[in-house]
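In case you want the letters, here they are:
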Amino acid sequence: MSGPRCCIPFLVLAFLAPSVFGVAAPTPVRSEVIMRIPWGWGPAGLSRIEANESEAEGPASFAVAPGGDLWVLDQVAARVVRFDARGRVAGVVLLPSPTFQDLEVWSDGRLVILDRLVRRSVLVVGPDGADPVEHAVQGPLAPEPGEITAILARSDGIWLEVAHRHSFRLLDEDLAPVPESPALPGRVLRRGGGSLELSLRLPTGVAVGWRDSMGMGPAPMVLEVGPVLRLAWAEDLGEDRFWLIHVIPAAGGRGDRFSGALRDRSGAVLAFFEAGGADAEWSQVREFRVLDGGDLLQMELRPEGVRFLRWRLP
């Protein structure tokens, strides 16, 4: 009788205060709003299409310029808009069509903008709109460009991820086409020569694994993360840490939410957050960016406009 009773306080204490027993408790990540941009078709606003019989459409993606300014893909108005730290317009690049969906910024400031559905190409253009060059993305490693799930800038060029299955290098260090590129399983790592494998194990799991530059590695581990509607973003930070962000149903059925966790390679949660902005009404492609150091930037589309949040690691 005395044995089982004495175990109960120990188990409660271990659950409530894991750091007492040498296991660090996960840290909640806090956010701050760093910029707000109103809706509007003028030079200082961002454009949107209201939802009637189809999805609402606003800015699909964003990227960070080398100096820290934000480039926002305002594809409804067929342009990319550059904002400085105070939210003032610092530049505009006009696009040949409103069907571009994602972008990266190269180290020299050039933009690489992806249209996977209509033009099936990437447009490389200077930050002042000069010297535009377009490259086809369809090929043996991307036979159906609509399956492209990410465009990624790495020190050796521009890579495309296809259906979370594999990545290949489309453009080299000079942003010239790569004639023959080997495929790496999963999503190529920005900070290394390998790749990160991702796949859903519905309804509550995500399989995660790492491969080296030769595509070799152990079988992926399955993380039980709770209800998963879709993957939003994942990125390896090096130092055995990675971000995994997925969409979960909100309590009461009022819109979906993001659930994000910084984990180590064993799958243990180091830091976590939960955020709004995952409303399926909006046709967004890229909601998060990982900054050097591990902080996150989130672009959230709201009724009053677009706001950018920075999630700071402790």
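Residues numbered from 1 in each chain as written. Predicted model: local features only at pLDDT ≥ 70, side-chain atom pairs only at ≥ 80, totals over all residues. Heavy atoms only, no water.

1. What to know about the environment of Ala77
Alright, step 1. Inspection of the secondary structure assignment puts Ala77 in the loop between β4 (70-74) and β5 (79-83).
Alright, step 2. Among the residues examined, Ala77 registers a relative accessible area of 23% and is labelled partly exposed.
Alright, step 3. Put simply, Ala77 and Val228 are 151 residues apart on the chain and 33 Å apart in space, counted from C-alpha to C-alpha.
Alright, step 4. Among all residues touching Ala77, those that are not within four sequence positions of it are Trp41 and Ser47. (Helix = DSSP H or I, 4+ residues; strand = E, 2+ residues; numbered from the N terminus. Buried < 20%, exposed > 50% of the residue type's maximum accessible area, 1.4 Å probe, protein only. Contact = heavy atoms within 4.5 Å.)

2. Observations regarding the side chain of Asp295
Alright, step 1. Looking at where Asp295 falls in the secondary structure, it is placed in the loop between β23 (288-290) and β24 (296-302).
Alright, step 2. Only 3.1 Å separates the side chain of Asp295 from the side chain of Arg310, close enough to count as a polar contact.
Alright, step 3. Setting aside residues no more than four positions away along its own chain, Asp295 makes contact with Arg289, Val290, Arg310, Trp311, Arg312 and Leu313. (Polar contact = N/O pair within 3.5 Å; in protein donor to acceptor, adjacent residues only side chain to side chain.)

3. Here we look at the pattern of salt bridges
Alright, step 1. If you walk through the whole model with that rule in mind, you get 28 salt bridges.
Alright, step 2. Here Asp156 ties to Arg154 by a salt bridge, and the two come within 2.8 Å at their closest N and O atoms.
Alright, step 3. Since its relative accessible area comes to 11%, Arg154 is described here as buried.
Alright, step 4. The residue Arg169 makes a salt bridge to Glu173 at a minimum N-O spacing of 3.6 Å.
Alright, step 5. One network of salt bridges, in which partners are shared, links Glu104, Arg190, Arg191, Glu235, Arg289 and Asp292. (Salt bridge = Lys/Arg side-chain N within 4 Å of Asp/Glu carboxyl O.)

4. Points about the nonpolar core
As a rule of thumb, nonpolar side chains are buried together in soluble globular proteins.
Alright, step 1. Counting residues in hydrophobic clusters, the biggest one holds 24 residues, and the most contacted among them are Trp243, Ile245, Phe258, Phe273, Phe288, Leu296 and Trp311.
Alright, step 2. Elements represented by at least two residues in this core include exactly β11 (148-154), β19 (230-238), β20 (241-249), β21 (256-264), β22 (269-275), β23 and β25 (305-312).
Alright, step 3. The residues touching Phe288, leaving out its near neighbours within four places in the chain, are Phe62, Trp233, Ile245, Phe258, Phe273, Leu296, Leu297, Gln298 and Trp311. (Core = buried A, V, L, I, M, F, W, Y, C linked by side-chain atoms within 4.5 Å.)

5. Considerations on the packing of aromatic side chains
Alright, step 1. Counted under the stated rule, the structure contains six aromatic pairs.
Alright, step 2. With centroids separated by 6.0 Å and ring planes inclined at 50°, the aromatic side chains of Phe273 and Phe288 adopt a geometry described as tilted. Residue Phe273 is found in strand β22, and its partner Phe288 is found in strand β23; the two are separated by 15 residues along the sequence. Taken individually, Phe273 and Phe288 each receive the classification buried, so the pair is uniform in this respect.
Alright, step 3. Feature note: the residues Trp243, Phe258, Phe273, Phe288 and Trp311 constitute an aromatic cluster, connected by ring pairs.
Alright, step 4. Stacked on the ring of Trp233, the Lys or Arg Arg187 has its end atom at 4.1 Å from the ring centre. (Phe/Tyr/Trp six-rings, centres within 6.5 Å; stacked < 30°, edge-to-face > 60°. Lys NZ or Arg CZ within 6 Å of the ring centre and 35° of its normal.)

6. A few points about the sheet that holds β24
Alright, step 1. The sheet built from four strands is open, its strands ordered β2-β25-β24-β23 with antiparallel pairing. Edge positions in the sheet fall to β2 (30-38) and β23, since each has one partner strand and no second. Neighbour-to-neighbour, the strand axes of the sheet open up by a mean angle of 20°, direction not taken into account.
Alright, step 2. As defined by bridge partners, β24 adjoins β25 across seven bridges and the pair is classed as antiparallel. Paired with Leu297 across the two strands is Arg310, which belongs to β25. (Pairing = 2+ DSSP bridges. Axes fitted to C-alpha atoms, helices over the stretch in contact; angles between N-to-C directions.)

7. A look at the sheet that holds strand β10 (residues 133-136)
Alright, step 1. Taking strand neighbours across the sheet as the criterion, the four strands line up as β7-β8-β9-β10 in an open arrangement whose pairing is antiparallel. Only two strands of the sheet have a single partner each, and these edge strands are β7 (102-105) and β10. Recorded for the sheet is a direction-independent mean angle of 20° between the axes of neighbouring strands.
Alright, step 2. Relative to strand β8 (residues 111-115), β7 is paired through four bridges, and the arrangement is antiparallel. When the bridges of β8 are listed, Leu103 appears paired with Ile113.

8. Section: a nonpolar patch on the surface
Alright, step 1. A surface patch of nonpolar side chains, amounting to about 260 Å² of accessible area, comprises Val89, Val92 and Leu94.
Alright, step 2. With respect to the element layout, Leu94 can be found in strand β6 (residues 89-94).
Alright, step 3. Residue classification places Leu94 among the exposed residues on the basis of a relative accessible area of 67%. (Patch = residues over 30% accessible without salt bridge, like charges linked within 9 Å, V, L, I, M, F, W, Y side chains within 5 Å. Areas by Shrake-Rupley, 256 points an atom, 1.4 Å probe, with all protein chains shown as cover.)

9. Examining the side chain of Glu161
Alright, step 1. Inspection of the secondary structure puts Glu161 in strand β12 (residues 157-162).
Alright, step 2. Residue classification places Glu161 among the buried residues on the basis of a relative accessible area of 0%.
Alright, step 3. Here the side chain of Glu161 touches Thr149 through a polar contact of 2.6 Å, side chain to side chain.
Alright, step 4. Not counting chain neighbours up to four residues away, the residues in contact with Glu161 comprise Glu147, Ile148, Thr149, Ala150, His166, Ser167, Gly186 and Arg187.

10. A look at the confidence of the model for the protein chain
Alright, step 1. A residue-level look at the protein chain finds 90% of positions with pLDDT of 70 or above and a mean pLDDT of 90.
Alright, step 2. Here residues 1-21 is a poorly scored stretch, pLDDT under 50, and it has six contacts once near neighbours within four places are set aside; other chains count. (pLDDT = per-residue confidence, 0-100.)

11. Considerations on the environment of Gly68
Alright, step 1. Structurally, Gly68 is set in the loop between β3 (61-64) and β4.
Alright, step 2. For the pair Gly68 and Gly276, spaced 208 residues apart in sequence, the C-alpha separation works out to 24 Å.

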